[in-house]
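Structural features, examined
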Amino acid sequence: MMNTPRPHDLLWLTDSDALEDVSEEWVASQWRPRFPVVVRRDVIHEGRIPVGVRGMRRDQRAAGWANAAKIKRIVCPEELASRDLLVNSPFVSMPPVQGAIQLTLREWPWVWGITGSCGYALATEVPVLHADSDLDLLIRSTSPIEREALAQWQQVVGQLLCRADTQVETPHGAFALAEWLRDGRVLLKTNQGPQLVSDPWMFCRVDKR
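Residues numbered from 1 in each chain as written. Predicted model: local features only at pLDDT ≥ 70, side-chain atom pairs only at ≥ 80, totals over all residues. Heavy atoms only, no water.

1. Concerning the pattern of salt bridges
Stated precisely, the cut-off is as follows: A pair is scored as a salt bridge if a Lys or Arg side-chain nitrogen falls within 4 Å of a carboxyl oxygen belonging to Asp or Glu.
All told, the structure shown has 10 salt bridges when counted by the stated rule. A network of salt bridges, in which partner residues are shared, links Asp9, Glu78 and Arg140.

2. Considering the pairing of strand E9 (residues 164–170)
Filter applied, for reference: Categorising residues by exposure relies on relative accessible area from a 1.4 Å probe, with only protein chains included: less than 20% of the type maximum marks a residue as buried, more than 50% marks it as exposed, and the intermediate range marks it as partly exposed. Strands are runs of DSSP state E lasting at least 2 residues, helices are runs of H or I lasting at least 4, and numbering of each runs from the N terminus. Any two strands with at least two DSSP bridges between them are considered paired. By convention, orient the strands away from the viewer: a clockwise path from the first strand over the helix to the second makes the crossover right-handed.
Across the 7 residues of E9, 6 count as buried, placing the element largely inside the fold. Where strand E8 (residues 135–140) and E9 come together, 6 bridges link them in parallel fashion. When the bridges of E9 are listed, Arg140 appears paired with Glu169. A crossover connection joins E8 to the parallel E9 through helix H5 (residues 147–157); in handedness this β-α-β unit is right-handed. For E9 and strand E10 (residues 173–176), the ladder comprises 4 bridges, and the chain directions are antiparallel. Following the sheet pairing, Thr170 is matched in E10 by Gly173. Counted between consecutive antiparallel strands, the loop separating E9 from E10 contains 2 residues.

3. Topic: the environment of Gly119
The condition that has to hold: Whether two residues are in contact is decided by their heavy atoms, any of which lying within 4.5 Å being enough.
Positionally, Gly119 belongs in helix H4 (residues 116–124). Sequence spacing of Gly119 and Val97 is 22 residues, and the spatial spacing of their C-alpha atoms is 9.3 Å. Excluding its chain neighbours within four sequence positions, the residues that come into contact with Gly119 are Leu10, Leu80 and Ile114.

Shown next, in the form of structure tokens:
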């Protein structure tokens, strides 16, 4: 049995009919089941998974739904942070991949993953990655992580040869690590919309008054 897909997971579907309720016209001409869709954040409805479709251009993004019964493969971001996968990628010379390789050279007290265009390129070998592409990173943690440990990660990430951004996923949603470290509060992206919180794991809302 497959695990329940989570935001940022890449899904391969059995056929074109498995992708539903997409309004953008370019999807019909460009998307094929050999290309994965990415799980987006929304409320799951009766066997339908909220997904996004990526086109070949940076401005081509479309939201839709996937029939959960027609998912044949799931790749999570953590699988894409394998050093063997990175060094053998056709995009190994690209700065985002080089940055990810640098992160694999250190031991971290958590498992991390790669999302965004870099993750998509690593999973598919489709050339959506560019020399100036960002490296989008994900840390999933059900329990709180020490602020000092995350600050150390952020310091290393800030020294990579490409722009890199980290999202931290908690049981309640995801937040931008740099923003939380800087401000002590952050917008938590939840299935019900963004919430301004001080503790992303305890979901303590901030009084805006």
